Amino acid sequence: MSQIIDGKAIATKLRADCSERARALIERGITPKLDVIIVGDDPASHQYVNSRASDCRAIGMDSTVHTLPEQTEQVELIELIERLNADSSVHGILLQIPLPKHMDSDEVISHISWDKDVDGFHLMNVGALVSGRAAIAPCTPSSIMELIKSTGVQIAGKNAVVVGRSNVVGRPAAMMLLHENATVTICHSRTADLAAHTKNADILVAAVGVPHLVKGDMIKPGAVVIDAGINRRDGKTVGDVEFETVKEVAGYITPVPGGVGPVTRTILLMNTLEAAERIHGRK
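Everything numeric here is computed off the predicted structure, so don't read it as measured data.

Engineer: What's the story with a nonpolar patch on the surface in this structure? I'm lost.
Structural biologist: Side chains of Leu 123, Val 126 and Val 130 sit close together on the surface and give an oily, nonpolar patch of about 280 Å² of accessible area. Judged by relative accessible area, Val 126 falls into the partly exposed class, the value being 34%.

This is the structure we're talking about:
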């Protein structure tokens, strides 16, 4: 039977540290600030960005949400980003994705100053992550690493399997595991025999967006299983891992919800603080 990795408890501890870091900056006359941009009127997206702004205020940071209409031209969005880049009171810029179909997300993201890119999507930050240099790393992969480390299981030397190769989660998570000296395998939709790989995983990260893809008979006994999937099935939020069967085999497992999500939200605060500390210099 698995030990449940409590993402909410881990997030609470990390937020306490964030509050201290925010307080230290404020004592220096610096109020860390995250500006969030959303284009369009999707209710779920608005709920997401408003909750991120609330998270900031809860630990003493400042935050502004910039809401643009669906028909906004790409050049107008870029002009807003450039203004925020030049605003010394703004330390982090979060762009809500996806953008409307008439916009090129990669092109827009490239205009965010790399040192204010708290999502870690700018090519400068992507390149730094790949090369093992200091960078602002994407929030969900950073959350995955926090959850793995919370178990106390040594990562170095372990076989780690990442199911999913997206630029947002799978690939950066694989790179971060590699930097911790794991032996990493990335599986994807063209992988011929998924179970053959997952059964060999000491650490398994599921981040492919297929509900209950990973089942108990695909798990190595005692493995650390991190479920980064968020799917809707029968009106419920479920992960990529079939929790009830996998928990009988794994050593550690994250639930959905309550695992990766709460820590990911907190990592965004940590990245914004990191950006503010870098911009103003640490003490």
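Engineer: Just to check I follow, could you spell out the sheet that holds strand β1 (residues 3–4) for this structure?
Structural biologist: The pairing of strands in a sheet happens through backbone hydrogen bonds and is either parallel or antiparallel. The 6 strands are arranged β1-β11-β8-β7-β5-β6 in an open sheet whose pairing can be described as parallel. Where the open sheet ends on each side, the last strands, each with one partner, are β1 and β6 (183–187).

Engineer: Is there a simple way to think about the packing of aromatic side chains in this case?
Structural biologist: Geometrically, a pair of aromatic rings is defined through the distance of the ring centres and the angle of the planes. Applying the stated rule across the entire model yields 0 aromatic pairs. Here the guanidinium or amino end of Arg 52 rests over the ring plane of Tyr 48, the centre of that ring lying 3.7 Å away.

Engineer: So what exactly am I meant to see when it comes to the nonpolar core here?
Structural biologist: Core analysis: the largest hydrophobic core is formed by 48 residues, its most contacted members being Ile 144, Ile 148, Leu 177 and Ile 226. Of the residues forming this core, the biggest block, 8 residues, is contributed by helix α10 (residues 260–280). If sequence neighbours within four positions are ignored, Ile 226 has contacts with Ile 5, Ile 144, Leu 147, Ile 148, Leu 204, Val 205, Ala 206, Thr 254 and Val 260. Of all hydrophobic cores here, the second largest spans 17 residues; its members include Val 163, Leu 194, Ala 201 and Leu 204.

Engineer: It is not clear to me how helix α2 (residues 43–58) should be interpreted in this structure. Could you clarify?
Structural biologist: Given 3.6 residues to a turn, an α-helix orients residues that are three or four positions apart in the same direction. Look at α2: 22 Å from first C-alpha to last across 16 residues, which is about the 22 Å you get at 1.5 Å a residue. Within α2 the residues assigned to the buried category are Ser 45, His 46, Val 49, Ser 51, Arg 52, Ala 53, Asp 55 and Cys 56. Buried positions along α2 lie against α1 (7–27), β2 (33–39), β3 (62–68), β4 (92–95) and α10. Of the residues flanking the end of α2, it is Gly 60, one or two places downstream, whose phi is positive at about 100°.

Engineer: Even after reading the chapter, I still don't get unusual backbone geometry, so can you show me in this structure?
Structural biologist: The bulk of non-glycine residues show a negative phi, and the bulk of peptide bonds are trans. Residues Ile 97 and Pro 98 are joined by a peptide bond in cis, for which omega reads 5°. Look at the link from Val 256 to Pro 257: it is a cis peptide, with omega at -5°. Mapped onto the elements of the fold, Pro 257 is located in the loop between β11 (252–253) and α10. Residues other than glycine seldom take positive phi values, yet Asn 181 does so here, at roughly 70°. Tracing the backbone through its elements, the reader meets Asn 181 in the loop between α7 (170–179) and β6. Residue classification places Asn 181 among the exposed positions, given a relative accessible area of 54%. In this model, Asp 234 sits at a positive phi of 55°, which is unusual for a non-glycine residue. Structurally, Asp 234 can be placed in the loop between β9 (231–233) and β10 (236–238).

Engineer: Hey, could you run me through the sheet that holds β2 in this one?
Structural biologist: Ordered in space as β3-β2-β4, the 3 strands form an open sheet in which the pairing is parallel. Pairing within the sheet leaves two strands with one partner each, and these edge strands are β3 and β4. Each adjacent strand pair in this sheet contributes to an overall mean axis angle of 15°, direction not counted. As judged from the 4 bridges shared by β2 and β4, these two strands associate in the parallel manner. Residue pairing for β4: Val 36 is matched across the bridge by Leu 94. Strands β2, β3 and β4 of the sheet are contacted by helix α3 (residues 74–86), whose axis makes an angle of about 180° with β2.

Engineer: I would appreciate a short explanation of the environment of Leu 204 in the present structure.
Structural biologist: Positionally, Leu 204 belongs in strand β7 (residues 203–206). On the accessibility criterion, Leu 204 (1% relative accessible area) is buried. Separated by 45 residues in sequence, Leu 204 and Asn 159 have C-alpha atoms that sit 8.6 Å apart. Sequence-distant contacts of Leu 204, that is, excluding residues within four places in its chain, are made with Val 161, Val 163, Thr 198, Val 214, Ile 219, Val 224, Val 225 and Ile 226.

Conventions adopted
Residues numbered from 1 in each chain as written. Predicted model: local features only at pLDDT ≥ 70, side-chain atom pairs only at ≥ 80, totals over all residues. Heavy atoms only, no water. Patch = residues over 30% accessible without salt bridge, like charges linked within 9 Å, V, L, I, M, F, W, Y side chains within 5 Å. Areas by Shrake-Rupley, 256 points an atom, 1.4 Å probe, with all protein chains shown as cover. Salt bridge = Lys/Arg side-chain N within 4 Å of Asp/Glu carboxyl O. Buried < 20%, exposed > 50% of the residue type's maximum accessible area, 1.4 Å probe, protein only. Pairing = 2+ DSSP bridges. Helix = DSSP H or I, 4+ residues; strand = E, 2+ residues; numbered from the N terminus. Phe/Tyr/Trp six-rings, centres within 6.5 Å; stacked < 30°, edge-to-face > 60°. Lys NZ or Arg CZ within 6 Å of the ring centre and 35° of its normal. Core = buried A, V, L, I, M, F, W, Y, C linked by side-chain atoms within 4.5 Å. Contact = heavy atoms within 4.5 Å. Expected span 1.5 Å × (residues − 1). Axes fitted to C-alpha atoms, helices over the stretch in contact; angles between N-to-C directions.

Keep in mind these values describe shape, not function.
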